[in-house]
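Breakdown of the fold
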Amino acid sequence: MTTTRTLGRSGIEVGALGMGCWAIGGPLWGDGGQPFGWGEVDDDESVRTVHAALDLGVTLFDTASNYGAGHSERILGRALAGRRDRAVIATKFGNRTDEATRRWTGTDPSPDYAVSSLEESLRRLGTDHVDLYQLHINDLPVPAALDLVGTLEDLVAQGKIRAYGWSTDDPASAEAFAAAGPHCAAIQHDQSVLRDNARMLAVCDAADVAALNRGPLAMGLLTGATRAVGRDDVRGMAPEWLVWFTDGRPTPQWTARVEGIRAALTADGRTLAQGALGWLLARSPRTVPIPGCRTVAQAEENFATLALGPLPGDAFAEVERLMADLRPAPVPAGG
């Protein structure tokens, strides 16, 4: 039962799960040695992972100009060579990086940078257009975001992008951007069974845009992860917004909550990750979870959820009962 969804009013149809491509970008560093990537990766395995995702019914691939300082886009472009017509590519702009040193160098919300960043993304991806072009500055003031709409509409008219969106966790910002942009098709936001964002889903409903779910597996916590990660992994020196890990290990508090809902998420024979993704598919017809993968095994487990479909109603209700008093209020998140 392969499920498909539509990216809001754009009419672009995608598989109900997309592949997040942050991890395949490899290392990226910020101020003070802060890791912004997921550590070293095997590029050949990344290519095989994209191919496995395609074969399992995934069509949406979500990357960004700054993932690995452009490396994610290059690897995705390599993987999709000869397969571009099977894929919907979503990328992001607004973060500057130095490709030579793999360092993040700051944000740039200017319309001029939106244009030049797109040209660089197209070059790395090896394509003449991007299907969904997303603003990647989570907390950008609304007036600055609205200043981009005219430029983004021009890019649509030129055929360089088909639609655009914003990766933000603020419902008011999302509402204003979607209202101002005729070709705004999606809002990407943090959403998982551990952190529901009912306000954002309501905004997406009202505006007729898709809800791309960033962090659907809570950065690996909802896979049952227990091992420590390295210091070149963003979870190894977790920034303030990344509450699931401390010093590279899952926090006991959140691990206990995952264990509390494990039975409900896996009641029909799914793995924990498949249950968490199935919960998102059951949560709203607008959701498009984008779990990150960097191995074929991860892709095969995550995207088997497309055949399993949404979590059954009784299991969903049980999860909601168990989680009712445990979910925190939404806070800004990375990615």
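Preceding this section is the structure that the text describes.
Presented here is an overview of the structure given in this document. (Residues numbered from 1 in each chain as written. Predicted model: local features only at pLDDT ≥ 70, side-chain atom pairs only at ≥ 80, totals over all residues. Heavy atoms only, no water.)

1. Description of unusual backbone geometry
Despite not being glycine, Arg-102 has its phi angle at roughly 55 degrees, a positive value. In this structure, Arg-102 sits in the loop between strand 6 (95-98) and strand 7 (103-107). Classification of Arg-102 by relative accessible area gives partly exposed; the value is 22%. Unlike most non-glycine residues, Ala-218 shows phi in positive territory, near 50 degrees. Considering the arrangement of structural elements, one finds Ala-218 in the loop between strand 11 (210-214) and strand 12 (245-246). (Helix = DSSP H or I, 4+ residues; strand = E, 2+ residues; numbered from the N terminus. Buried < 20%, exposed > 50% of the residue type's maximum accessible area, 1.4 Å probe, protein only.)

2. Focus on the layout of surface pockets
Looking at the largest pocket, its volume works out to about 660 Å³. Forming the walls of the largest pocket are 38 residues, and the residues nearest its centre are Trp-38, Met-219, Gly-220, Arg-235 and Gly-292. Secondary structure elements with two or more residues in the lining of the largest pocket: strand 10 (184-190) and helix 10 (296-303). Tallying contributions element by element places helix 10 first for the lining of the largest pocket, with 3 residues. (1 Å grid on protein atoms, 1.4 Å probe; cavity = no way out; pocket = protein on both sides within 12 Å on 5 of 7 lines; lining within 4 Å. Points joined across faces, edges and corners; volume = space filled by probe spheres on them.)

3. Looking at the packing of helix 2 (residues 71-80) against helix 3 (residues 111-125)
Working note: a packed helix pair is described by the angle between its axes plus the distance between those axes. The contact between helix 2 and helix 3 brings their axes to 7 Å, and the two run at 45 degrees. It follows from the interaxial angle that helix 2 and helix 3 lie oblique. For the pair formed by helix 2 and helix 3, the contact residues are Glu-73, Arg-74, Leu-76 and Gly-77 on the first element and Ser-121, Arg-124 and Leu-125 on the second. Of the residues in the contact of helix 2 with helix 3, the class split is 2 nonpolar, 2 polar and 3 charged. (Axes fitted to C-alpha atoms, helices over the stretch in contact; angles between N-to-C directions. Parallel < 35°, antiparallel > 145°, perpendicular 65-115°, else oblique. Contact = heavy atoms within 4.5 Å. Nonpolar A, V, L, I, M, F, W, Y, C, P; charged D, E, K, R; others polar.)

4. Considerations on the packing of helix 9 (residues 272-283) against helix 12 (residues 313-323)
Their axes nearest at 10 Å, the elements helix 9 and helix 12 cross at an angle of 100 degrees. On the basis of their axis angle, the class for helix 9 and helix 12 is roughly perpendicular. Counting all contacts with helix 9, which are made through Trp-279, Ala-282 and Arg-283, the residues of helix 12 involved are Phe-316, Val-319 and Glu-320. Within the contact of helix 9 with helix 12, the residues separate by chemical class into 4 nonpolar, no polar and 2 charged.

5. Things to note about the pattern of salt bridges
Side chains that carry opposite charge are capable of pairing whenever their charged atoms lie near each other. Evaluated as defined, the whole model comprises 23 salt bridges. For Arg-84, the salt bridge identified is with Asp-131, shortest N-O distance 2.9 Å. Highlighted residues: Arg-84 in the loop between helix 2 and strand 5 (88-93) and Asp-131 in strand 8 (residues 130-135), separated in sequence by 47 residues. The same class applies to Arg-84 and to Asp-131, which are both buried. Two residues, Glu-259 and Arg-262, come together in a salt bridge whose shortest N-O distance is 2.8 Å. Separated by 3 residues within a single helix, Glu-259 and Arg-262 lie in helix 8 (residues 252-265), roughly one turn from each other. (Salt bridge = Lys/Arg side-chain N within 4 Å of Asp/Glu carboxyl O.)

6. Structural notes on the pairing of strand 7
The two faces of a sheet get side chains in turn, since along a regular strand they alternate between them. Note that strand 6 and strand 7 share 4 bridges and pair antiparallel. When the bridges of strand 7 are listed, Arg-96 appears paired with Gly-106. Joining the antiparallel neighbours strand 6 and strand 7 is a turn of 4 residues, in which Arg-102 adopts a positive phi near 55 degrees. (Pairing = 2+ DSSP bridges.)

7. Side note on the environment of Leu-148
Residue position: Leu-148 is located in the loop between helix 4 (142-146) and helix 5 (149-157). Considered as a pair, Leu-148 and Gly-181 are 33 residues apart in the sequence and their alpha carbons are 9.4 Å apart. Those residues in contact with Leu-148, other than ones at most four positions away along the chain, are Phe-93, Pro-109, Ser-110, Pro-111, Ala-114 and Leu-135.

8. Description of the environment of Met-237
Relative to the helices and strands, Met-237 resides in the loop between strand 11 and strand 12. Take Met-237: its relative accessible area is 27%, and that puts it in the partly exposed class. Separated by 202 residues in sequence, Met-237 and Pro-35 have C-alpha atoms that sit 7.0 Å apart. With residues near it in sequence (within four places) discarded, Met-237 still touches Gly-32, Gly-33, Gln-34, Pro-35 and Arg-231.

9. Examining the nonpolar core
Counting 86 residues, the largest nonpolar core has Met-19, Phe-61, Leu-152, Ile-161, Leu-194 and Trp-244 as the members making the most contacts within it. Sorting elements by how many residues they give to this core places helix 9 first, with 7 residues. With residues near it in sequence (within four places) discarded, Phe-61 still touches Met-19, Cys-21, Val-50, Ala-53, Leu-54, Leu-76, Ala-87, Val-88, Ile-89 and Ala-90. In terms of nonpolar packing, the next biggest core, distinct from the first, is built from 14 residues, Leu-7, Val-14, Leu-132 and Leu-212 among them. (Core = buried A, V, L, I, M, F, W, Y, C linked by side-chain atoms within 4.5 Å.)

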